[in-house]
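Chain and residue survey
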Amino acid sequence: MPFLDVQKRFGINLDWWWTIQSAEQPYKFPAQCHAFEKEWIECAHGIGTIRAEKECKIEYDDFIECILRKKTMKRMDTIWRQREKLMKEGKYTPPPHHMGKGEPWS
Amino acid sequence: MTAAKVKQDMPPAGDYGPIDYKRNLLRRGLSGYSMLALGIGTLLYRYWKIIKCNREHRRLQIEDFEARIPLMPLFQAETDRRILHMLRENLEEEAIIMKDVPGWKVGKSVYNTTRWLPPLLVELYGLRPLEERVFANIMRYT
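About the cut-offs
Residues numbered from 1 in each chain as written. Chains lettered and ligands numbered in written order. Predicted model: local features only at pLDDT ≥ 70, side-chain atom pairs only at ≥ 80, totals over all residues. Heavy atoms only, no water. Contact = heavy atoms within 4.5 Å. Salt bridge = Lys/Arg side-chain N within 4 Å of Asp/Glu carboxyl O. Helix = DSSP H or I, 4+ residues; strand = E, 2+ residues; numbered from the N terminus. Nonpolar A, V, L, I, M, F, W, Y, C, P; charged D, E, K, R; others polar. Disulfide = S-S within 2.5 Å. Buried < 20%, exposed > 50% of the residue type's maximum accessible area, 1.4 Å probe, protein only. Arc of directions from axis to C-beta. Lys, Arg positive; Asp, Glu negative; His and termini not counted.

Side note on the interface of chain A and chain B
At the interface, 26 residues of chain A touch 31 residues of chain B. For the interface between chain A and chain B, the tally reads 2 salt bridges. Of the charged contacts, one joins B:Glu94 and A:Arg75 as a salt bridge, the two residues approaching to 2.5 Å between their closest N and O atoms. Of all the elements in the fold, those that place two or more residues in the side of chain A that touches chain B are helix H2 (34-44), helix H4 (57-68) and helix H5 (70-89) of chain A. Top contributing element to the side of chain A that touches chain B by residue count: H5(A), with 11 residues. In terms of residue class, the side of chain A that touches chain B is built from 13 nonpolar, 6 polar and 7 charged.

Some words on the state of the cysteines
Residue and element names in this part refer to chain A. Across all of its chains, the model carries 2 disulfides over all chains by this definition. In this model Cys33 forms its disulfide with Cys66; the gap between the sulfur atoms is 2.0 Å. Given an S-S torsion of about -90°, the disulfide between Cys33 and Cys66 has left-handed geometry. In this pair, Cys33 sits in the loop between helix H1 (6-10) and H2 while Cys66 sits in helix H4, placing the two residues 33 residues apart along the sequence.

Quick notes on H2(A)
Residues and elements named next belong to chain A. Looking at H2, one finds that the buried residues are Phe36, Glu37 and Ala44. The buried residues of H2 occupy an angular sector of 95° when the element is viewed end-on, so they sit on one face. Where the residues of H2 are buried, they touch helix H3 (49-55) and H4.

What to know about the side chain of A:Arg83
Looking at where A:Arg83 falls in the secondary structure, it is placed in helix H5. Buried charge without a partner: A:Arg83 forms no salt bridge, and the closest opposite charge is A:Glu84, 4.6 Å away. When sequence neighbours within four positions are dropped, the list of residues in contact with A:Arg83 reads A:Tyr92, A:Pro94, A:His98, B:Ile97 and B:Leu127.

Pasting the structure below:
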């Protein structure tokens, strides 16, 4: 309920753990992007959307990158394509540990 | 009509014997109450036995954990060494592959922060054959 915080009044925690990723989780399992979300929320809380979009762009970009991994995949894709191109032209052969014949690492 | 004797199917001489038609349920076995008591007694005995076995199982499990927990730093250190080695190899390969591409910074992090992030499976096994990545994906959860 909006103005009656029932859970805080009775000291119980029923559903806070699914509100944001950085909330207190049962069994204390952290989310993968816990740190990024925490930084972004701390930066952007209480200052309104328009200001937050301008001032917290760095944290927001990192957070979205952690969740969606678009830039990582784009980077890997570029490397893959370049690798395929070079292998087709014959200028590059992968070393043995990249072809499945590496020694077991110890 | 009694001129010729017709051969008919008649009862034997002396008629049939007496027929058993009354109820004949034997009064044997335990009574209802005692069977109920036997059932409930078995249940309670088995519950107690389960409790004891669970406690014993818990003790054995604690012993297994006590063997595993002191070795965890060793395993974690090995895994960390292996991951760093693989990332280093990938970095060198990336430098070789992308040396003709203009404007490419080798090993550039896509994030604006310098925090250590656990590498994705794609980052570790990206340049290796697909079976290794599939196997690593399975082994992650075992």
